[in-house]
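# Fold and geometry: a report
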Amino acid sequence: MTASNSLFPTREYTFSPRELALAIGVSESSMKRWIDAGEVEAARTAGGHRRVTQREAVRFIRDRRLHVVDPSALRLPDLAGVPDVLAAAPLTAEALVEALVAGEAARARALVVSAYVRGASLAALCDGPLREALHHAGTLWRDDPSGIGVEHEATDVLIQTLNQIRTLRPPSSPNAPVAIGGAMEGDPYAIPSLMAAAVLEDLGFDVTNLGPNTPADVLAEASKRRRADLVWLSVSARSTDDALRSIDEVLTTGLDGTGAYVVVGGREAKAEALPGLHVLPSMQALASLAEQILAGRRKGG
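Heads up: these notes are all about the structure in this document. (Residues numbered from 1 in each chain as written. Predicted model: local features only at pLDDT ≥ 70, side-chain atom pairs only at ≥ 80, totals over all residues. Heavy atoms only, no water.)

Let's shift gears to the environment of L194. By secondary structure assignment, the location of L194 is in helix 9 (residues 191-202). You can call L194 buried: its relative accessible area is 6%. When the C-alpha atoms of L194 and L158 are compared, they prove to be 10.0 Å apart, with 36 residues separating the residues in sequence. Beyond its immediate sequence surroundings of up to four residues, L194 is in contact with I159, L162, N163, R166 and N209. (Helix = DSSP H or I, 4+ residues; strand = E, 2+ residues; numbered from the N terminus. Buried < 20%, exposed > 50% of the residue type's maximum accessible area, 1.4 Å probe, protein only. Contact = heavy atoms within 4.5 Å.)

This part covers helix 3 (residues 54-64). Each α-helix winds once per 3.6 residues, and so residues spaced three or four apart point in a common direction. Along helix 3, the residues that are buried comprise Q54, E56, A57, V58, F60, I61 and R62. Of the residues trailing helix 3, R65 is marked for its positive phi of about 55°.

Once that is clear, we can look at the sheet that holds strand 5 (residues 50-53). Pairing is antiparallel across the open sheet formed by three strands, whose spatial order is 3-5-4. Edge positions in the open sheet fall to strand 3 (14-15) and strand 4 (43-44), since each of these has one partner strand only. Where strand 3 and strand 5 come together, two bridges link them in antiparallel fashion. By the bridge assignment for strand 5, F15 is matched with V52. (Pairing = 2+ DSSP bridges.)

A few words now on the packing of helix 6 (residues 105-117) against helix 8 (residues 147-167). Two numbers describe how helix 6 lies on helix 8: the axes approach to 10 Å, and their chain directions differ by 35°. For the crossing formed where helix 6 meets helix 8, the hand is right-handed. Judged by residue contacts, A105, A108, R109, V112, V113 and Y116 of helix 6 engage V157, Q160, T161, Q164 and I165 from helix 8. (Axes fitted to C-alpha atoms, helices over the stretch in contact; angles between N-to-C directions. Left-handed = near helix turned anticlockwise from the far one by under 90°.)

Given a rise of 1.5 Å per residue, 21 residues ought to cover 30 Å, and the 30 Å separating the end C-alpha atoms of helix 8 matches this to within 8%. G147, V150, A154, V157, L158, T161, L162, Q164, I165 and R166 are the residues of helix 8 that are buried. Where helix 8 is buried, its residues touch helix 4 (77-81), helix 5 (93-101), helix 6, helix 7 (122-137), helix 9 and strand 7 (206-209). (Expected span 1.5 Å × (residues − 1).)

This part takes up the layout of surface pockets. If you add up the space inside the largest pocket, you get close to 990 Å³. Along its surface, the largest pocket is lined by 34 residues, and R131, L134, P192, S236 and R267 are the ones closest to its centre. Of all the secondary-structure elements, those providing two or more residues to the lining of the largest pocket are helix 7, helix 8, helix 9, strand 8 (230-234), strand 9 (261-265) and helix 12 (283-300). Looking at side-chain class alone, the lining of the largest pocket contains 18 nonpolar, eleven polar and five charged residues. Considered as a void within the structure, the second largest pocket measures approximately 750 Å³ in volume. Looking at the second largest pocket, it is lined by 31 residues, and the ones nearest its centre are R169, E201, D202, L203 and G204. Of all elements in the fold, only helix 3, helix 7, helix 8, helix 9 and helix 12 reach the threshold of two or more residues within the lining of the second largest pocket. For the lining of the second largest pocket, the element with the highest residue contribution is helix 12, accounting for five residues. Within the lining of the second largest pocket, the residues separate by chemical class into eleven nonpolar, eight polar and twelve charged. (1 Å grid on protein atoms, 1.4 Å probe; cavity = no way out; pocket = protein on both sides within 12 Å on 5 of 7 lines; lining within 4 Å. Points joined across faces, edges and corners; volume = space filled by probe spheres on them. Nonpolar A, V, L, I, M, F, W, Y, C, P; charged D, E, K, R; others polar.)

Here it is in structure tokens:
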């Protein structure tokens, strides 16, 4: 394992070609050929041995749609503990809800991480199984008071899962476009903004998530300071049209001339009350816009 450089250092697993080959069921010689051909990024030890980081291993597996035959070799704890999910059909909301309601947090995390490692679009996972599972968990209290606790537990598990997926992404490049966002002031919901952050990070953006209850002027100031290319605001709590128009004015005025794309999403975002901003209906729409920004960046430089 190698230590990363940060204020609070963490340790990232690295693999030899043999270890990674065992994880995906190929020969060591095939893995070495992929590394030497530049298809898998690897560092060399002082003794000349190839080492592949866990993040790069996951990227390669996702890009190639490879099958993980030994999840323990990848050192992903949830997958190692619930290996059968790797052979499961594509993730469904029903399977995720079943695990969440049963209090099987490790299985719920493994279901989502497995789908991601196998190549599923993170934006599609957010729009589909994760959103549907959260919606279902949010209705359980109507029939059983214990449903409130289940909803809170489900929220915590999905926050853990999204943050785990974020750790599996390679660091953004030094010239990556910058994205910054949060949930509007008075909005306590953490997951929609976290989903936006994870989706953008997955595409290669340099991301800062300010989280719930972020005043519009704070978001505008931080975005100008960071020279953001994309600014997002999540609106999931009920809001009056006047409140939304105020947000529209603050962000439109505060970010005028910066060239940043300013987008709003969430179940309470209303296009008619936000005429100066781009209202997007889904994480997949956000991903599509982000890909346009990335394409423009590549074309321009």
